[in-house]
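Structure at a glance
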Amino acid sequence: MVAQNFVVDLNKPLVFQVGHLGEAYQEWVHQPIVSKEGPRFFENDVLEFLTRTVWWAVPVIWLPVVCWFIHNSVQLGLSCPRVALFVVIGILIWTLLEYSLHRFLFHIETKTYWWN
């Protein structure tokens, strides 16, 4: 099912193209794609919208959630040093978890159409 010398067309959505790369996918996925907007992943506009996150969305969404949890922790009687320690531990665990998922799950070696 692998097309020999298959070339990915960056003017078309990538999702259903990269499967044709077969074993060449590992080499292709680690090459930079230089463009102003980046390649399109899906033909469907809603799915494509969900793949993009502007930088300010993360603090706007998650900073109030974190502040709410910190406020509730203090209200429940936890001391400020203990809350600060939990925040630091949470940041470290989240960073390690995010790195591990990216490194070991998103960069798993694949060879079949659907895994690619």
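Residues numbered from 1 in each chain as written. Predicted model: local features only at pLDDT ≥ 70, side-chain atom pairs only at ≥ 80, totals over all residues. Heavy atoms only, no water.

Points about helix 3 (residues 57-75)
Counted only if it meets this: For helices the rule is a DSSP run of H or I covering at least 4 residues; for strands it is a run of E covering at least 2, with both sets numbered from the N terminus onward. Given the number of residues in a helix, its expected span is that number minus one, multiplied by 1.5 Å.
Helix length check: helix 3, at 19 residues, gives a terminal C-alpha distance of 28 Å against a target of 27 Å (1.5 Å per residue), a fit within 8%. Once helix 3 ends, the next one or two residues include G77, with phi positive near 105 degrees.

Looking at the packing of aromatic side chains
In plain terms, the rule: Ring pairs shown here join Phe, Tyr and Trp side chains whose ring centres sit within 6.5 Å, with only the six-membered ring taken for Trp; geometry is labelled stacked below 30 degrees between planes, edge-to-face above 60, and tilted in between. The cut-offs for exposure are 20% and 50% of the maximum accessible area for each residue type, with area from a 1.4 Å probe on protein chains only; residues under the lower value are buried, those over the upper are exposed, and the others partly exposed.
According to the stated counting rule, one finds three aromatic pairs in the structure shown. A ring pair is formed by W68 and F69, whose centres lie 5.0 Å apart and whose planes are at 70 degrees; its orientation type is edge-to-face. A ring pair is formed by Y113 and W114, whose centres lie 4.9 Å apart and whose planes are at 90 degrees; its orientation type is edge-to-face. W114 sits in the exposed class, given a relative accessible area of 68%.

Description of the domain arrangement of the protein
Reports of interface size often rely on the accessible area that becomes lost once the parts have come together. Under the convention used in this document: Where each domain starts and ends comes from a domain assignment, either automatic or drawn from a database. The contact criterion used is simple: two residues touch if any of their non-hydrogen atoms lie within 4.5 Å. Here the quantity called buried area is the total loss of accessible area, with a 1.4 Å probe, experienced by two parts when brought into contact, counted for both. Every case where a carboxyl oxygen of Asp or Glu lies within 4 Å of a side-chain nitrogen of Lys or Arg is listed as a salt bridge. Polar contacts, as counted here, are pairs of nitrogen or oxygen atoms within 3.5 Å of one another; within protein the pair requires one atom able to donate a hydrogen and one able to accept it, and residues that are adjacent in sequence qualify only if both atoms are side-chain atoms. The residue classification treats Ala, Val, Leu, Ile, Met, Phe, Trp, Tyr, Cys and Pro as nonpolar and Asp, Glu, Lys and Arg as charged. All others, Gly included, are polar.
Partitioning the protein into domains gives domain 1 (1-52) and domain 2 (54-115). Using C-alpha coordinates to define each centre, domain 1 is positioned 29 Å away from domain 2. Domain 1 puts ten residues into the contact, and the matching count from domain 2 is eight residues. The contact between domain 1 and domain 2 buries some 750 Å² in all, and 57% of this surface belongs to carbon and sulfur atoms. A per-residue breakdown of the area domain 1 buries against domain 2 is headed by F16, G19 and Q26, which together make up 48% of the total. At the surface where domain 1 touches domain 2, the tally comes to zero salt bridges. Where domain 1 touches domain 2, the interface holds two residue pairs in polar contact (both at pLDDT 80 or more). Residue composition of the side of domain 1 that touches domain 2, grouped by class: three nonpolar, five polar and two charged.

Re the state of the cysteines
By definition, a disulfide links the sulfur atoms of two cysteine residues through a covalent bond. Selection criterion: Pairs of cysteine sulfur atoms within 2.5 Å are identified as disulfides in what follows.
A full pass over the atoms with the stated rule returns zero disulfides. C67 takes part in no disulfide bond, and the closest cysteine sulfur, belonging to C80, lies 13 Å away. On the accessibility criterion, C67 (45% relative accessible area) is partly exposed. By relative accessible area, C80 is classed as exposed at 55%.

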